[in-house]
Amino acid sequence: MTVLSCSGLRRRFGDVLAVDDVSFTIAEGETYGLLGPNGAGKTTTISMITGVLERDAGEVVVDGVPMSPDAVAAKRLVGYVPQELALYPDLTGRENLRFFASLYGAGRRRVDEVLEVVGLADRAGDLAREYSGGMKRRLNVAIGLLHEPRLLVLDEPTAGVDPQSRNQIMENVRALAAEGMAILYTTHYMEEAERLCDRVGVIDSGRLIAEGTRRELVERLGERDRISLQLDGDLSHAATVLGAIPAVRGLAPHGHGLELVVDDARECLPVVLSAISTNGAVVRSVEVTEPNLETVFLHLTGKALRE
Amino acid sequence: MKVLSIAWINVHRALRDRTGLFFLVALPLLLVFIIGAAFGGSMKPVVGVVGDAGALRSDASVQVRDFADEPALRAAVEHGEISAGLVRAGTPVLLTRSDRSGQQVRMLVTSALTREANRLSAGEFVASHAGIDRDTALSVVDSMRVEPVEVRATTTGEALFPEGFSGFDLGASNQLIVFTFLNALTTAAALVETRSFGVTRRMFATPTPARVIVAGEALGRIAIALLQGLIVVAGSALLFGVRWGDPLGAAALLVAFALVSGGAGLLLGALCRTQQQTGGFGILLGLGLAAFGGCMVPLEFFSPALRTVAFATPHGWANDGFAALTRRGGDLLSVAPHLGVLLGFAAVLFSLGAWRLRLAVTR
Ligand SMILES: Nc1ncnc2c1ncn2[C@@H]1O[C@H](COP(=O)(O)OP(=O)(O)OP(=O)(O)O)[C@@H](O)[C@H]1O
Ligand SMILES: [Mg+2]
């Protein structure tokens, strides 16, 4: 079931066309990553989706309800974690949460729950100003969870945090998705996108230039998973046997062994290994290469994700 | 209520912050004392006395303090600790300073001492003619004391300030107007700060209509302005007897002017990008409007053209409203036009502020 659908989003700031004809959808329980270099238009897109920014063109619909800056009903369905920390540093964590809870119509018990979820319960009475960077980030995320939204939008929620807080935030996101929340996630960290996102959209200079699962994107570039094997035994026989496996798409000699081009290296590897051993050859070494999003990204935009 | 949550968070932060606390509580209290000391009508002169104070001690219009000797008395007068000093040995000697208050004290003391001398000589006269002892004679004299004749003074012709109007009560309302407005403009900085934290934008992402956010931000500012105004008016009236005129009328004017001030704070906070800007424009606007609105020089001294300008400012209307209450004996009904205009100003400021704030966040 589709939770977010946006189509034809466009926004101009003076001479800069920040977002140009961006469309995508996110389903229930799906985590969608929006990846792009600095200034690509991620935050602008997200601001239009969350209804805090006017758009020049396009539609945003959340759970069947059209979104706009005045659409109170649609905003009830969306949780928003902005890129910049948006909280009162001179209030405590709990006071910040209670304030936003009152705006979301969430109760005090929910504030305590959320504090537990992000692991800030024992520091809830301290001023936000005195939190570490990672704790501030977690509080920033917590505010977006208060009203248990259908769609959670996180704009670089882990920017500049320690590994511990990063893991906490990523675990939170994963658990929420498992409960069926639709999640829109932007990040500069490729490994986060690979770990969390079911699908990614690559945005550059305001345009969505590619979209799909990691595998789809990788394949569209002609990049495939590869398994390199070093073998003792009859290479040509092994090649015949392995070539008969449906998931093996290509095969070439490679040193004292073979290099296979496969659909999905992880699924394929056990099949390949058992085929070899039943045919009497001995595997000396195995090397699996899965082209990652970084490769895709570099290929598509000519830029590294983080500069 | 979301409006109240947003309003409360403003007051709460102002109370927690040290400078906020100064503007919210300490400054109005300071104003109470400044206004009270300068404009309060109930300050009694203190007269230091060496020797028997006599009739002065029972005089309601002065307060007597006893001194052991003349040098101590003289020093106290010179240091301004007391208004005047009286030495009673033979011919009474009065030590005063050579200002107007010195002359007033001299008249008070002279009349008190004359009354005392009159009583004693009348007692002597009755004792010798009626053949009764001196104490009985004095009690007879006391029993037939003539009450002072009441003289009602009034001015004739084109008097700007009627008799009994000290000229200072107007000063008190001027101060109130100037500072309520200035303080409200300083709250604009808090709004700019909230915006720069990204919190205002985040509020727009919650299911809260823009008008509720704006109303909440405004209400916080009005509450602060109103609280300050109340502290000043009630404090100076209770502690120092400063007159504000008809209570209902004064309260209504105060509320209306607090609304204007809160609206101005909102608009300024929505227009400015930095806190420095709010500070600069705040002072400029606060003092400029005060000057044109007759808070520095009484409106009566304005030329007709300047008067027109004065009544283009909320300060001019508030000023004239308080003048109607304190000087022309007006009540709620007579300041109705002033209230109407002030509420109009407030409505315009809120609408503009709301529009600007929404634009500043969503554009
Ligand atoms: N309020 C604004 N006024 C003018 N230009 C803006 C504004 N907001 C964004 N832009 C411009 O729009 C473009 C897209 O910016 P945006 O913030 O959406 O990028 P981003 O993908 O979020 O970048 P980052 O990864 O650095 O956060 C940039 O060129 C930026 O300078
Ligand atoms: Mg961004």
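Residues numbered from 1 in each chain as written. Chains lettered and ligands numbered in written order. Predicted model: local features only at pLDDT ≥ 70, side-chain atom pairs only at ≥ 80, totals over all residues. Heavy atoms only, no water.

For chain B, the name recorded in an unreviewed UniProt entry is ABC-2 type transporter transmembrane domain-containing protein, with Lentzea flava as its organism. Regarding chain B, the relevant UniProt record gives this comment under Subcellular location (unreviewed entry): "Membrane". (UniProt positions renumbered as here; feature names shortened; annotations may be inferred.)

Naming follows an unreviewed UniProt entry, where chain A appears as ABC transporter ATP-binding protein of Lentzea flava.

Caption draft 1: Quick look at the interface of chain B and chain A. Each partner contributes residues to the interface: chain B has 24 residues there, and chain A has 33 residues. Summing both partners gives a buried area of about 2,600 Å² for chain B against chain A, and 58% of it is carried by carbon and sulfur. Between A:D70 and B:R358 there is a salt bridge; the shortest N-O distance is 3.0 Å. Here chain B and chain A share 14 residue pairs in polar contact (both at pLDDT 80 or more) between them. (Contact = heavy atoms within 4.5 Å. Buried area = accessible area lost by both parts, 1.4 Å probe. Salt bridge = Lys/Arg side-chain N within 4 Å of Asp/Glu carboxyl O. Polar contact = N/O pair within 3.5 Å; in protein donor to acceptor, adjacent residues only side chain to side chain.)

Caption draft 2: Region of interest: the site of ligand 1. Residue and element names in this part refer to chain A. Near ligand 1 there are 14 residues, and of these N38, G39, K42, T43 and T44 occur at the shortest range. Between N38 and ligand 1, the recorded distance is 2.8 Å, taken from a side-chain N or O atom to an oxygen atom. Here an oxygen atom of ligand 1 and a side-chain polar atom of Q83 are 2.9 Å apart. The protein chains hide 63% of the 630 Å² of surface that ligand 1 would expose on its own. Listing elements by their share of the shell around ligand 1, those giving two or more residues are β2 (16-27) and α1 (42-49). Broken down by element, the residue count for the shell around ligand 1 peaks at three residues, all from α1. Grouping the constituent residues of the shell around ligand 1 by class yields five nonpolar, seven polar and two charged. (Near = heavy atom within 4 Å. Areas by Shrake-Rupley, 256 points an atom, 1.4 Å probe, with all protein chains shown as cover. Helix = DSSP H or I, 4+ residues; strand = E, 2+ residues; numbered from the N terminus. Nonpolar A, V, L, I, M, F, W, Y, C, P; charged D, E, K, R; others polar.)

Caption draft 3: Representation of the UniProt feature "transmembrane region" (unreviewed entry) in chain B within the structure. Residue and element names in this part refer to chain B. Feature annotation in UniProt assigns "transmembrane region" (unreviewed entry) to the following positions: residues 21-40, 176-197, 218-242, 248-268, 280-299 and 335-355. For residues 176-197, the end-to-end C-alpha separation is 32 Å, with 95% helix and 0% strand making up the annotated structure. Across residues 218-242, helical content stands at 92% and strand content at 0%; the span's end C-alpha atoms are separated by 30 Å.

Caption draft 4: Representation of the UniProt feature "domain: ABC transporter" (unreviewed entry) in chain A in the model. Per the UniProt annotation, the sites labelled "domain: ABC transporter" (unreviewed entry) are residues 4-230 of chain A. End C-alpha to end C-alpha, residues 4-230 of chain A measures 48 Å, and it is 34% helix and 30% strand.

Caption draft 5: How the structure looks around the sheet that holds strand β2 (residues 63-66) of chain B. Residues and elements named next belong to chain B. Spatially, β2-β1-β3-β4 is the arrangement adopted by the four strands of the open sheet, whose pairing is mixed. Only two strands of the sheet have a single neighbouring strand rather than two, namely β2 and β4 (93-96). Sheet twist, expressed as the mean angle between neighbouring strand axes with direction ignored, is 25 degrees. Where strand β1 (residues 46-50) lies against β2, four bridges are found, and the strand directions are parallel. Across the sheet, residue G48 finds its bridge partner in β2, namely R65. Its contacts with the sheet place helix α3 (residues 70-78) against β1, β3 (84-87) and β4, and it is angled at close to 160 degrees to β3. (Pairing = 2+ DSSP bridges. Axes fitted to C-alpha atoms, helices over the stretch in contact; angles between N-to-C directions.)

Caption draft 6: Up close: the sheet that holds β2(A). Residues and elements named next belong to chain A. A sheet is described by the order of its strands in space; here four strands give the open sequence β2-β1-β4-β5, paired in antiparallel fashion. With one partner strand each, in any of the chains shown, β2 and β5 (65-66) form the two edges of the open sheet. Where strand β4 (residues 57-62) lies against β5, two bridges are found, and the strand directions are antiparallel. Within β5, the position partnered with V61 by the bridge is P66.

Caption draft 7: Spotlight on the coordination of the magnesium ion (ligand 2). Residues and elements named next belong to chain A. Coordination of the magnesium ion (ligand 2) by the protein comes from T43 (OG1) and Q83 (OE1), over a distance range of 1.9 to 2.1 Å. Here the residue T43 occupies a position in helix α1, and Q83 occupies one in the loop between β6 (78-81) and α3 (93-104), the gap between them amounting to 40 residues. A relative accessible area of 29% means that T43 is categorised as partly exposed. The class for Q83 is partly exposed, based on a relative accessible area of 25%. (Donors = N, O, S within 2.8 Å, 3.2 Å for Na, K, Ca; no water. Buried < 20%, exposed > 50% of the residue type's maximum accessible area, 1.4 Å probe, protein only.)

Caption draft 8: Just the domain arrangement of chain A, in detail. Examined at the domain level, chain A breaks down into domain 1 (2-77 + 149-218) and domain 2 (224-290). Measuring from the centre of the C-alpha atoms in domain 1 of chain A to the corresponding centre in domain 2 of chain A gives 39 Å. (Domains from an automatic or database assignment.)

Caption draft 9: Representation of empty space enclosed by the protein. Residue and element names in this part refer to chain B. Following the criterion strictly, the structure yields two cavities of 30 Å³ or more and no others. Every residue along the wall of the second largest cavity is listed here: P28, L31, L176, F179, T180, N183, Q228, G229 and V232. Counting only elements with at least two residues in the lining of the second largest cavity, the list comes to α2 (18-39), α6 (168-196) and α8 (210-240). Per-element accounting of the lining of the second largest cavity gives the leading share, four residues, to α6. Taken together, the residues of the lining of the second largest cavity break down into five nonpolar, four polar and no charged. (1 Å grid on protein atoms, 1.4 Å probe; cavity = no way out; pocket = protein on both sides within 12 Å on 5 of 7 lines; lining within 4 Å. Points joined across faces, edges and corners; volume = space filled by probe spheres on them.)

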